[in-house]
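One-letter residues, chain by chain:
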Amino acid sequence: MTPPSAAPAPHTPSLDLGGRTALVTGAAGGIGRACALRLAAAGAEVRAVDRDEAGLEALTGLAEGLAGTVESHVLDLTDLDAAEQAAAGTDVLVNNAGLQLVRPIEEFPPDVFHTVLTVMLEAPFRLIRGALPHMYGQGWGRIVNISSVHGLRASAYKSAYVAAKHGLEGLSKTAALEGAPHGVTSNCVNPGYVRTPLVEQQLADQAQAHGIPEERVLTEVLLQDSAVKRLVEPEEVAEAVAYLCGPQSSFVTGTSLVLDGGWTAH
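Residues numbered from 1 in each chain as written. Predicted model: local features only at pLDDT ≥ 70, side-chain atom pairs only at ≥ 80, totals over all residues. Heavy atoms only, no water.

Notes on helix α5 (residues 159-179)
Right, so step 1: Along its 21 residues, α5 runs 30 Å from first to last C-alpha, staying within 8% of the 30 Å computed at 1.5 Å per residue.
Right, so step 2: Of the residues making up α5, those classed as buried are Ala160, Tyr161, Val162, Ala164, Lys165, Leu168, Glu169, Leu171, Ser172, Ala175, Ala176 and Gly179.
Right, so step 3: Lining the buried residues of α5 we find α4 (110-138), β5 (141-146), β6 (184-191), α6 (197-210) and β7 (256-259). (Helix = DSSP H or I, 4+ residues; strand = E, 2+ residues; numbered from the N terminus. Expected span 1.5 Å × (residues − 1). Buried < 20%, exposed > 50% of the residue type's maximum accessible area, 1.4 Å probe, protein only. Contact = heavy atoms within 4.5 Å.)

Take a look at the structure:
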């Protein structure tokens, strides 16, 4: 009998997206930038979508020399028709774009609530709608929705964000059920607090909402329920996205891949 220590390492299929087109929203920074670079490294032709033109230009520079390519598309996702059109011909769709405002419900501006739901829930619906005909036609597709621990748990003062992420979870599951007969998977990735400009902005907002100094917000508010007391890195989220696009995950659909440092273990 072969000793366990001498057993061959299990084969892990590598991610090869050569010939595939991927669309990543919110690609100019943070999680979106990391995802765009990871998919391009796997050989994909990445459509990087964001309204931040300067950020997209910086991204294309970072992508030089990778196996795939990154092409920037300046787009405001509140233009829903344009968002749907941009997704045509997409093999891999990563719905990542988001925004945040921390306010009590009675002080939350209705126009901001509407914008958050438009960008983070209605735009993903339109992007999925635009991508599915091509995916169905070829019998293969990968939809990855960057949700959040807030897609599974609520926090005070984040009514729009929590509502949008909970809705995204339901949309993702519905897409999974409809897409399964066509070779299309749909999943959520649910990180805790990630080291991004969005989270950095929350430090000031949360300090105001809770009436405490910013330096206490990270440990006493953001990471209070996390067993692992650190922020998630964008590259860690991108690697989870890559896993869901790989051959080893073809049976994974309609679920949520949680990277929350133990938050939801409570």
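Some thoughts on the packing of α4 against α5
Right, so step 1: Interaxial distance between α4 and α5 falls to 8 Å at its minimum, and their mutual angle equals 15 degrees. Accordingly, the angle class assigned to the pair α4 and α5 is roughly parallel. Judged by the sense of rotation from one axis to the other, the crossing of α4 with α5 is right-handed. Mapping the contact onto sequence places Phe113, Val116, Leu117, Met120, Leu121, Pro124, Phe125, Ile128 and Tyr136 in α4 and Ser159, Ala160, Tyr161, Ala163, Ala164, Lys165, Gly167, Leu168, Leu171, Glu178 and Gly179 in α5.
Right, so step 2: In terms of residue class, the contact of α4 with α5 is built from 15 nonpolar, three polar and two charged. (Axes fitted to C-alpha atoms, helices over the stretch in contact; angles between N-to-C directions. Parallel < 35°, antiparallel > 145°, perpendicular 65-115°, else oblique. Left-handed = near helix turned anticlockwise from the far one by under 90°. Nonpolar A, V, L, I, M, F, W, Y, C, P; charged D, E, K, R; others polar.)

Comments concerning the pairing of strand β4 (residues 92-95)
Right, so step 1: Residue alternation in β4 divides its side chains into two sets, Val92 and Val94 and Leu93 and Asn95, and both sets are buried.
Right, so step 2: Note that strand β1 (residues 21-25) and β4 share three bridges and pair parallel. Following the sheet pairing, alanine 22 is matched in β4 by valine 92.
Right, so step 3: Handedness of the crossover joining β4 and β5 through α4: right-handed. (Pairing = 2+ DSSP bridges. Right-handed = clockwise from strand over helix to strand, strands pointing away.)

Description of α6
Right, so step 1: End to end, α6 covers 20 Å across 14 residues, agreeing with the expected 20 Å (1.5 Å per residue, within 8%).
Right, so step 2: Bending of α6 peaks at approximately 25 degrees at the position of leucine 203.
Right, so step 3: Once α6 ends, the next one or two residues include glycine 211, with phi positive near 70 degrees. (Bend = angle between axes of the 7 residues up to and from the residue.)

Focus on the packing of aromatic side chains
Right, so step 1: Under the criterion given, the structure shown has two aromatic pairs.
Right, so step 2: Residues phenylalanine 108 and phenylalanine 113 carry aromatic rings whose centres are separated by 6.1 Å and whose planes lie at 85 degrees to one another, so their mutual orientation is edge-to-face.
Right, so step 3: Residue phenylalanine 108 is classed as buried on the basis of its relative accessible area, which comes to 8%.
Right, so step 4: On the basis of relative accessible area, phenylalanine 113 is assigned to the partly exposed category, the value being 32%. (Phe/Tyr/Trp six-rings, centres within 6.5 Å; stacked < 30°, edge-to-face > 60°.)

Points about the sheet that holds β1
Right, so step 1: Taken in spatial order, the seven strands make up an open sheet running β3-β2-β1-β4-β5-β6-β7, and their pairing is parallel. Of all the strands in the sheet, the pair left with one neighbour each is β3 (69-74) and β7. For this sheet the average axis-to-axis angle between neighbouring strands, irrespective of direction, equals 15 degrees.
Right, so step 2: As paired elements, β6 and β7 share four bridges and run parallel to each other. By the bridge assignment, proline 191 is partnered in β7 with leucine 259.
Right, so step 3: Taken strand by strand, helix α1 (residues 30-41) contacts β1, β2 (45-50), β3, β4, β5 and β6, and its axis lies near 170 degrees from that of β1.
Right, so step 4: Strands in contact with α4 are β1, β4, β5 and β6; relative to β4, the strand with the most contacts, it is inclined by about 170 degrees.

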